[in-house]
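# Summary of the model geometry
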Amino acid sequence: MKRGFLYFICAVSAMGGLLFGYDWVVIGGAKPFYELYFGIADSPLMQGVAMTTALVGCLVGAMVAGALADRYGRKPLLMVSAVLFTVSAIATGLFNEFTMFNIARFIGGVGIGVASALSPMYIAEVSPTEIRGRMVSLNQMTIVLGILAAQIVNLLLARDTSIAAEQAWNVAWGWRWMFWAETLPAALFLLMSFFIPESPVFLKLKNEKNEKFKHDEAGLGELFQNKYGKVLLLGLVIAVFQQWCGTNVIFNYAQEIFVGAGFDVDGMFINIVITGIANVLFTFVALYTVEKWGRRTLMLIGAGGLGTIYAILSFCYFRHMTGMPMVVLVVAAISIYAMTLGPVTWTLLAEIFPNRVRGVAMSTCTFALWVGCCTLTFSFPLMNSALGSGGTFWIYSAICICAFVFLFRNCPETKGKSLEELEQELVG
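Being a predicted model, the structure only gives us computed values, none of them experimental.

Definitions and limits used
Residues numbered from 1 in each chain as written. Predicted model: local features only at pLDDT ≥ 70, side-chain atom pairs only at ≥ 80, totals over all residues. Heavy atoms only, no water. Helix = DSSP H or I, 4+ residues; strand = E, 2+ residues; numbered from the N terminus. Rg over C-alpha atoms; globule rule 2.2 N^0.38 Å. Buried < 20%, exposed > 50% of the residue type's maximum accessible area, 1.4 Å probe, protein only. Areas by Shrake-Rupley, 256 points an atom, 1.4 Å probe, with all protein chains shown as cover. Lys, Arg positive; Asp, Glu negative; His and termini not counted. Charge placed at Lys NZ, Arg CZ, Asp CG, Glu CD. Patch = residues over 30% accessible without salt bridge, like charges linked within 9 Å, V, L, I, M, F, W, Y side chains within 5 Å. Salt bridge = Lys/Arg side-chain N within 4 Å of Asp/Glu carboxyl O. Axes fitted to C-alpha atoms, helices over the stretch in contact; angles between N-to-C directions. Parallel < 35°, antiparallel > 145°, perpendicular 65-115°, else oblique. Left-handed = near helix turned anticlockwise from the far one by under 90°. Contact = heavy atoms within 4.5 Å. Nonpolar A, V, L, I, M, F, W, Y, C, P; charged D, E, K, R; others polar.

## A short note on the overall build of the chain
- Helix and strand content of the chain: 18 helices and 0 strands.
- For a compact globule of 428 residues, the expected C-alpha radius of gyration is about 22 Å, and the chain comes in at 21 Å, within 12% of that figure.
- Buried residues in the chain amount to 59% of all 428 residues.
- With the model as given, the accessible surface of the chain reaches about 15,900 Å², and the carbon-plus-sulfur share is 70%.
- Each charge class in the chain can be summarised by its mean position, and for the 27 positive and 26 negative side chains these summaries are 8 Å apart.

## A short note on a nonpolar patch on the surface
- Together, Met63, Val64, Leu68 and Tyr72 line one region of the surface with nonpolar side chains, adding up to about 370 Å² of accessible area.
- Tracing the chain through its elements places Leu68 in helix H2 (residues 44-72).
- Overall, the relative accessible area of 34% leaves Leu68 in the partly exposed class.

## Topic: the packing of helix H1 (residues 3-38) against H2
- At a minimum axis distance of 11 Å, the contact between H1 and H2 shows a crossing angle of 155°. Between H1 and H2, the angle falls in the class roughly antiparallel. Relative to H2, H1 is oriented so that their crossing is right-handed. Along its contact with H1, which presents Trp24, Ile27, Lys31, Tyr34 and Glu35, the element H2 presents Gln47, Ala50, Met51 and Leu55.
- Classifying every residue of the contact of H1 with H2 gives 6 nonpolar, 1 polar and 2 charged.

## A closer look at helix H16 (residues 341-351)
- Of all 11 residues in H16, 11 are buried, a share of seventy percent or more.
- Taken together, the buried positions of H16 are occupied by Leu341, Gly342, Pro343, Val344, Thr345, Trp346, Thr347, Leu348, Leu349, Ala350 and Glu351.

Okay, here's the thing in C-alpha cells:
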C-alpha cells in the first residue's frame, strides 16, 4: 500500500476521533446555558444526568462495536458511527424538552462508543509495524483537535455574560449552535468513509472462516479463557485508568474548576481554549515520542507525573490559591496527559490483543473505558460538593500512584514489534 493512500485512509478513520473529541467536550461549554434553559442549574443530580447520558450511549456503542465489526467489517461500523454523529448533532440543539435532549445526547454517545473502539483498531490493522504507534496516535491527535474545535466554537458563540440581552441569547440559542456546529464534519466523515477499504486483518479472518465452511467468530466466552486472562486484565486496567486519572473532568467540568480557581465565566472560556491548545501541542509531541521512547515509558511518565501534579493542585485548593498558578498546574496536567495516557492507551489497546479476538477485546476494553468515564463524570459534581476540589484531586492523585505501581509491574513494551510477534509474546 502506498504511503499517501495509507495516510488518507488513516486520516478518514481518525475523523471518528475528531467527532468523538468534539461531541465529548462541546457540552462543557454549553453547560452553563442549557442548565439555565432546562432549569437544572441548582440540581447537581440533574447536572450529572445531563453530562452522563452521552456516556451511557458510549457504553452501548462500545459493547456492540466489536462483535458487529467482526461480523460485518470495520468499514460499515465506521459509517454507522458517522450517521449517529450527524443525527445527534442536529437533534441535540433542536429539542426543547430535557428528556429529548438526553435522548439525542445518548445517540451521539453510541456514535462515540463505536468510533472510539473501531478507529484505533482499524488504523493499527492497516499500518506497517515501524509506524503503527505513530499512526494510531493520529487518532488521539484528531480527538484533541476535535476538543480544541469545540472549545473555540464555544468561545466564539458564547456572548458577553455581563449583558442581560446577550446572556438571554446564550440561554435560548447559543448552546444549540454549539451542538449544531458538529453537523458539517459529521457529514464529511460519512462521505469520506465510502472511499476507504476494509481492514486487511478482517478480510484475512473472513477468508479463513470461509475456508472452514463455518461461522467461527470470537466471542466474549473465548476472550475470557485463561490464556487471555493476563492481557485482558492489562487492557481493562489501562482503559479504566485513562479515565480515572481524572484529567478528563477538566474538560467536562471546566466551569467548576476554573470558577473555583477564581475566574469568571468569560475568563473560564479563555482558559479552556488555553488547555485545548496545550492538549494539541503535546499530542504532537506524542507522535514523535511514541516510537522513540516507547509505550511503557510514556505510560509510567503519565501516571507518575499526573499523580505529582494533582497532589500539588490539591494542596493549592486547600490553601485557597487562585489565578495564574492554578492555570499553570491545570495546563501541566493536560500536557502530560496529552503526550502519554491520552494517545498511548489507544495504541496499547490496539496492539496487545491477538488478531482473532481483537475486535471483541477492543470492544470490551472500550466498554470498560466508558464505564470509567461515566462513573468519573457522574461522580465529580458529587465529590466536588462533598470534598471540595482539593479533596477530589487528592483522590485522583492516589489513583495515579496506584496505577504507576501496576504499570511498572505489568505493562510490556510493544514498540517495534509486529502484531503477530506481540501475540506470541503476550499470549503464546
